[in-house]
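Single-letter residue listing:
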Amino acid sequence: LSELGYFVTAHAIHGLQDCDDSCMYEMEQDSVEIYRDHNLTKHFEERPGFYPIIIVSRPPIWQHSMDGIKNYCSGNDNNKKKCKIIYDAEALWFRRDELFLDAIDNGLVSNESIPKRDDISKNMKDFRKWEESLLNDPDAVVAVSEDEAKHMKSLIGSDMANVHVVGHTMKINKIPSC
C-alpha cells in the first residue's frame with residue numbers, strides 16, 4: 001500500500017515478534033508507521049479524521065479493536081461515516097475447525113489429534129456465531145477465495161455485495177475498490 005502512495009500505519013496488537021529493530025526501521029523507511037502502543041483509542045484521538053480507510057485482519061484483532069475503530073469512523077452531523085472499515089477475514093476459522101472435526105470423525109487424522117475433538121466441538125457453536133457476527137459491521141470484507149466469499153455472503157445475506165476476493169497471488173491492479 002505504501003508503494004501505491006498511501007500512508008500506512010501498522011498497529012500490531014500482539015507485537016511484531018518476527019520483526020526486529022532493523023525490520024521496523026526498513027518498514028518505516030518505506031513510509032510505514034509502526035504504532036507500538038496498545039491504546040488504539042488514544043492514537044485515534046490524536047489523529048481525528050486522519051485515516052480514511054482502516055483495514056483489520058483476523059477475528060481476534062477485529063473483536064479487540066472493533067469498538068475503538070467503529071467509534072473513530074462513526075458518523076458526523078450528517079450521519080456520514082468518517083472512514084471505511086475493511087475486515088480482512090481471509091477465511092472463516094470455524095470452517096477449518098468443522099473440517100478438522102469431520103476428518104477426526106472419518107479417521108483421517110493422527111492419534112495425537114483425536115483428543116482435540118472435545119475441546120473444538122464443545123465451543124464450536126458459540127465460536128461460529130461469534131465469528132459470523134464479525135462480518136456484519138465492516139464496509140467491506142476480504143476473503144481469500146471465491147469459496148470463502150460465497151460462504152461469507154450466505155451468512156450475512158445476499159445483499160452484502162462488499163465481500164471481495166483477494167487471493168495470495170493476485171496482482172495489485174486486480175484489487176477491488178470499496
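Our structure's up above, just so we're on the same page.
Described below are features of the structure shown in this document. (Residues numbered from 1 in each chain as written. Predicted model: local features only at pLDDT ≥ 70, side-chain atom pairs only at ≥ 80, totals over all residues. Heavy atoms only, no water.)

So, about the state of the cysteines. Tallied over the entire structure, the rule returns 1 disulfide. Disulfide pairing places C73 opposite C83 at an S-S distance of 1.7 Å. Its torsion about the S-S bond being -85°, the disulfide of C73 and C83 is classed as left-handed. Highlighted residues: C73 in helix α3 (residues 59–73) and C83 in the loop between α3 and β4 (84–90), separated in sequence by 10 residues. The buried category is assigned to C83, whose relative accessible area is 4%. (Disulfide = S-S within 2.5 Å. Helix = DSSP H or I, 4+ residues; strand = E, 2+ residues; numbered from the N terminus. Buried < 20%, exposed > 50% of the residue type's maximum accessible area, 1.4 Å probe, protein only.)

Only one face of strand β3 (residues 53–57) is covered, namely the face carrying I54 and V56; the face carrying I53, I55 and S57 is uncovered. The pairing of β3 with β4 spans 5 bridges and is classified as parallel. By the bridge assignment, I54 is partnered in β4 with I85. (Pairing = 2+ DSSP bridges.)

Backbone geometry follows two general trends: most residues other than glycine have a negative phi, and most peptide bonds adopt the trans configuration. Phi angles above zero are rare outside glycine, and R58 is one such case at about 75°. By the element assignment, R58 lies in the loop between β3 and α3. Of note, the phi angle at E90 is positive, near 60°, even though the residue is not glycine. Of note, E90 is situated in strand β4.

What follows is about the sheet that holds strand β5 (residues 140–143). Strand order across the open sheet formed by 4 strands is β3-β4-β5-β6, with parallel pairing between neighbours. Strand pairing shows two members of the sheet lacking a second neighbour, β3 and β6 (163–165), which therefore form its edges. Strand-to-strand twist of the sheet, defined as the mean angle between neighbouring strand axes without regard to direction, takes the value 25°. Each of β3 and β4 is contacted by α3, which is oriented at about 160° to β3, the strand it contacts most. Here helix α6 (residues 146–156) sits on the sheet and contacts β4, β5 and β6; the angle it forms with β6, its principal contact strand, is near 175°. (Axes fitted to C-alpha atoms, helices over the stretch in contact; angles between N-to-C directions. Contact = heavy atoms within 4.5 Å.)

This brings us to the pattern of salt bridges. What the rule picks out here adds up to 12 salt bridges. Residue R95 pairs with E148 through a salt bridge whose shortest N-O separation is 3.1 Å. Linking R95 in helix α4 (residues 93–105) with E148 in helix α6, this pair joins segments that are 53 residues apart in sequence. According to the relative accessible area criterion, R95 is buried, its value standing at 19%. A salt bridge links D97 to R96; the shortest N-O distance between them is 3.5 Å. With a relative accessible area of 16%, D97 lands in the buried category. Several salt bridges converge on common partners, so that one network encompasses R58, D88 and E90. (Salt bridge = Lys/Arg side-chain N within 4 Å of Asp/Glu carboxyl O.)

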